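As a plain string of letters, each chain reads:
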Amino acid sequence: TDMVMTNEVATSHWKTQYMKEVGEAIKKKTDGEINPIVFPSGQIYSDQDALAALGTGAVQMVWPVSVRLETIDQRAGVLSLPFTLKTADMQKACYRQQVSDLLTSFVDKRNLKVLTLLRAADLIFLFGDKNIDSLQDMHGVKVRVIGGKVYLATMQATGANPISMAASEMSTALAQGTIDGVLSSAAGWADMLGTSAQYGFYVPGFELATYAVVVDKGWFDALSDKDAAIVRNSVEDIADDQWTSTVKKDQKLIEEMESKGSTYTVADDAEIQRWRDKMQPVIDRFDADHPGVVEKFKALDSACQ
Amino acid sequence: MTIVIALCLMLVLLAIGTHVAVVLGLVTAGLVLTVAGVPATVIAQTAFKSVNSYPMLAIPMFVLAGNLMMKGDLAKLMIDLIGSLVRSVRGGLAITVMLSSVFFAAVSGSSVGSAAAIGVATIDGLKKERYPTHFAAGIVAVGGTLGIMIPPSLSFILIGSIVGLPVDQLFVAGILPALLEATCLLCTVAYLSWKHQYGEIAAAPDFKGFGQRLPGAFAALMMPVLIIGSIYGGYLTPTEVSAFAAAYAAFLCVFVYRSVRAGDLWDAARNSLLQTTMIFAVVMGGSLVAFILARMGVSANLISLITSLDLAAWQFLLIVNVLLLVLGMFLDGVALVVLTAPLLFPLAKTVGVDPIHFAVIMVANSEIATITPPVGLNLFVMSGIAKTPVHEVARGVLPFYAIRLVALLIITFVPALSLALL
Amino acid sequence: MSKDRNIVLKLFESYARFEKKYVLSVATIMLLAATAIMLMEGIGRTFFDTSFFWAEESVRYLVLWAFFLTLGCAGHAGQHIRTDLVVEHLWTPLRRVASAVACLLGMVFCGMLIYAAIPQIERYHSLGMLTDSSLNLPLWVLFLVLPVGAFLWGLFYLHGLMRVLSGHEAFVNSHDDTALDMTDDVTSSDRS
Ligand code: NA
Ligand code: NA
């Protein structure tokens, strides 16, 4: 049977390549019993639409940015809280599994299942012609952020003016100075914004964005134990490699941008601490709105084997 | 095979007078139900998301801006201004009409909008000066097409939102090709007027009249400057500028020229919405077609076919132009873009054609499609305004086809024309 | 033509007038509101450094609603694109049949949209999915406009079918002078 997988990034993006690899692995290991088809670059669905199509039979698997799950259950926002998710922890399969299970517990009544999490990006601030590299400088600058309540609250806490803007307008807006900056990724810098963003600023640990590998739970549960294991393992195999290799890929992209004359600043420890202190209220507020969720997250065992 | 049957069915349904949106949607919906594992819900989801797109929001607002300027007789203002200088040559009024089309194209986003505005303002005058009706209707229909090549342009917005290209860059890319086309059209109008001794000639250029009219026209002349300026000055995004254009047009008509009463604004808004609905309905049908082509793997197969043929870029572009010209007979500009863009852009990429250049080629073809019978909106509109049958308008347009084709070839094979200003 | 049919036709005509008066007006207000919000967002961002997080989304859904609600009105105003070049040259009874088929096809498509929308609305409902922004609108409610709009559009085709059956033209074209006033006086808009 066909297994439809969709994404909204370009065919050249590594996400499409990983998706194809997962598809091929599943096809091979099930002897073609499951026939995955990948539709990249929003050909048939945007990630949000694909998420809504899970459970109708039109799509079986999609890898949206985890923040999209907030539109289904706001507790999923815990992953977007600043200084919460850590790359070193997520590189361990057993820890990733616990985080995925936590997410699944928020959405399984909606007939969705999160198989694993992939690394999307360490978010960085990209500025047009302002070299902003401290919390102080953030005050009053216009920064475009993607949707999601937690991101919005986080941006507000930095003192910047968060701007909501369609992705299609972002690149022009930055180039023409309509906005001062965007919160984006190394890939976004290299592929979409290019040299119209002259300055990059990274606060380590601030925001680690992830892709949630979401499947139609009804479809997944109906698979034979063998096939279900194959699907799960094929994705997990990719995740293992992906959590380390994309860190390097991003580093390379940033070096490329530097070689094109852009400036890239990484916050030092003292600066990071200032950011941490400033962000604490966002976490407290989330904790008050969704009692117990932060606690559950902190209780996950990062020392697991 | 299924696809061929579906295509034939589409042509039959179009021929019996079914609405284009229904034909596209219904045939696709039929296909959806034949593909195993594709639930009917995709029809609803695709129809919904097809118009749930931020860049496309510029369409109703540019349509509204265009309608307001039409109601406010802004076209007449331009024609009087330009006419005071140009009327002294043979075919002066016809040339004035063509020059006014160029100006109006710079404030209106649509081909039909431009043609209607210029047509309403000039057809009677042209007839009075003994220009044959078919020629008068023809030049307005052809001149109107510049509306989608000169920014702002609904077609570039459509392509930008369907394919994901920056609209501001597309706008800039259209400028030089549009100037080329405008020059070609002006020369043809001058030549035809001279050859057939059309129209009357004023004694001398009326510089005094020009000077007197200029201050009055200033606010209208500023419109393209403000539109482009507010994008490149970093004040507004390309989509937001459409709302500004509508507001500025309303301001001009009601307060500056007082040619429109506040109540007429309401009517203009209602009509603009209906015209938008027409465009969006075709977009909706087209997205359904695009969905099923992608889902059935037709798009992917075509891409691998083209790749395996190892076509040179020029061969590919030649094929595409022939295809678009043929399709353009049966489809209108909007439908043409909506139906072919999702398929052709990935192909163009595989043969190494710059997507922005390709967008300009596609818009040049949509311009021609709008004046190619049997389905050509500008022909229909001018038939209504000039009160003459559609085939008469087509007769008036006929001499312009050759020059349009030459311009199309230049645009196709000189990428620099589209890319130089970027 | 029978008297009953004319009563049905009259009913449809009064409905078309109602649609033009109220549905189109409501949708037009949505379009104007969208225009105003977009301007406000631009002004707010440029001059006051603020952004309204509901602006982009609300503008999108306002225009989307306005579009679906006016599919039927656009039909009555003769706006939908079609070609009558072939049909125009047909023998009158054949032309009638063609128009009737065109109307029936329109009804089938609208029916299909409604049929396809209902399970998707149920899915949005069971997902509990909300919009991206702070508006927190449930998507299943926003999606309702699709079947509603398709229903209104379908009514237009049913009206067209009734007109064909009573000896009128099914559709008018917007480039006919009378098109925009069609719903004010149905018979006068028939092309001779
Ligand atoms: Na234009
Ligand atoms: Na045509």
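In the block above lies the structure referred to throughout.
Attention here is on the structure that accompanies the text. (Residues numbered from 1 in each chain as written. Chains lettered and ligands numbered in written order. Predicted model: local features only at pLDDT ≥ 70, side-chain atom pairs only at ≥ 80, totals over all residues. Heavy atoms only, no water.)

## Some details on the sheet that holds strand β2 (residues 35–39) of chain A
Sheet strands associate in pairs through backbone hydrogen bonding, adopting either a parallel or an antiparallel arrangement. All names here are of chain A. We count it as follows: Only strands joined by at least two bridges in the DSSP assignment are considered to pair. In DSSP terms, a helix is any run of H or I states spanning at least four residues, a strand is any run of E spanning at least two, and both are numbered starting from the N terminus.
Ordered by their spatial adjacency, five strands build an open sheet running β2-β1-β3-β10-β4, and the pairing between neighbours is mixed. Across the chains shown, the open sheet's two edge strands, defined by having one partner strand only, are β2 and β4 (112–122). Examined bridge by bridge, strand β1 (residues 2–6) and strand β3 (residues 61–62) share two bridges and lie parallel to one another. Across the sheet, residue methionine 5 finds its bridge partner in β3, namely methionine 61.

## What to know about the coordination of the sodium ion (ligand 1)
All names here are of chain B. To be explicit about the condition: Each metal's donors are the N, O and S atoms within 2.8 Å of it, or within 3.2 Å when it is Na, K or Ca, and because water is not part of the set, sites may look incomplete. Burial classes follow relative accessibility: with a 1.4 Å probe on protein chains only, a residue under 20% of its type's maximum area counts as buried, one over 50% as exposed, and anything between as partly exposed.
Every protein donor of the sodium ion (ligand 1) is accounted for by Ala105 (O), Ser108 (O), Gly147 (O), Ile150 (O) and Pro152 (O), and the metal-donor separations fall at 2.2 to 2.4 Å. On the primary sequence, the residues serving as donors to the sodium ion (ligand 1) are separated as A-x2-S-x38-G-x2-I-x1-P. Placement of serine 108 in the loop between α6 (92–105) and α7 (111–128) and of glycine 147 in the loop between α8 (133–144) and α9 (154–164) is noted, with a sequence separation of 39 residues between them. For serine 108, a relative accessible area of 1% puts it in the buried group.

## Looking at the state of the cysteines
Residues and elements named next belong to chain C. Rules: In plain terms, two cysteine sulfur atoms within 2.5 Å form what is called a disulfide here.
Overall, the coordinates contain one disulfide over all chains when judged by the stated rule. Cysteine cysteine 73 shares no disulfide, and the gap to the nearest cysteine sulfur, in cysteine 110, comes to 13 Å. Judged by relative accessible area, cysteine 73 falls into the buried class, the value being 5%. Here cysteine 110 stays unpaired: no disulfide links it, and the sulfur of cysteine 103, its closest cysteine neighbor, is 11 Å away. Relative accessible area serves as the criterion here: at 2%, cysteine 110 is assigned to the buried category.

## Section: helix α5 (residues 149–157) of chain A
Residues and elements named next belong to chain A. Filter applied, for reference: The contact rule is simple, with two residues in contact once any of their heavy atoms fall within 4.5 Å.
For α5, the full list of buried residues reads Val150, Tyr151, Leu152, Thr154, Met155 and Ala157. Packing partners of the buried residues in α5 comprise β5 (124–127), β6 (142–144), β7 (161–163), β8 (181–184), β10 (208–216) and α10 (269–289). Phi turns positive one or two residues past the end of α5, at glycine 159, with a value near 95 degrees.

## As for empty space enclosed by the protein
Our working definition: Cavities and pockets were defined on a 1 Å grid built from protein atoms only: a cavity is a group of points that admits a 1.4 Å probe but offers it no way out, a pocket is an open group of points flanked by protein on both sides within 12 Å along at least five of seven lines, and a lining residue is one with an atom within 4 Å of any such point. Grid points are joined across faces, edges and corners, and a volume is the space filled by probe spheres set on the points. When residues are sorted by character, Ala, Val, Leu, Ile, Met, Phe, Trp, Tyr, Cys and Pro go into the nonpolar class, Asp, Glu, Lys and Arg into the charged class, and all the rest, Gly among them, into the polar class.
A full pass over the atoms with the stated rule returns five cavities of 30 Å³ or more. Of the volumes computed, that of the largest cavity is approximately 90 Å³. Lining of the largest cavity is provided by 13 residues; of these, A:Ser164, B:Tyr54, B:Glu240, C:Glu41 and C:Glu56 occupy positions nearest its centre. Elements represented by at least two residues in the lining of the largest cavity include exactly α1 (3–48) and α2 (55–69) of chain C. Grouping the constituent residues of the lining of the largest cavity by class yields six nonpolar, two polar and five charged.

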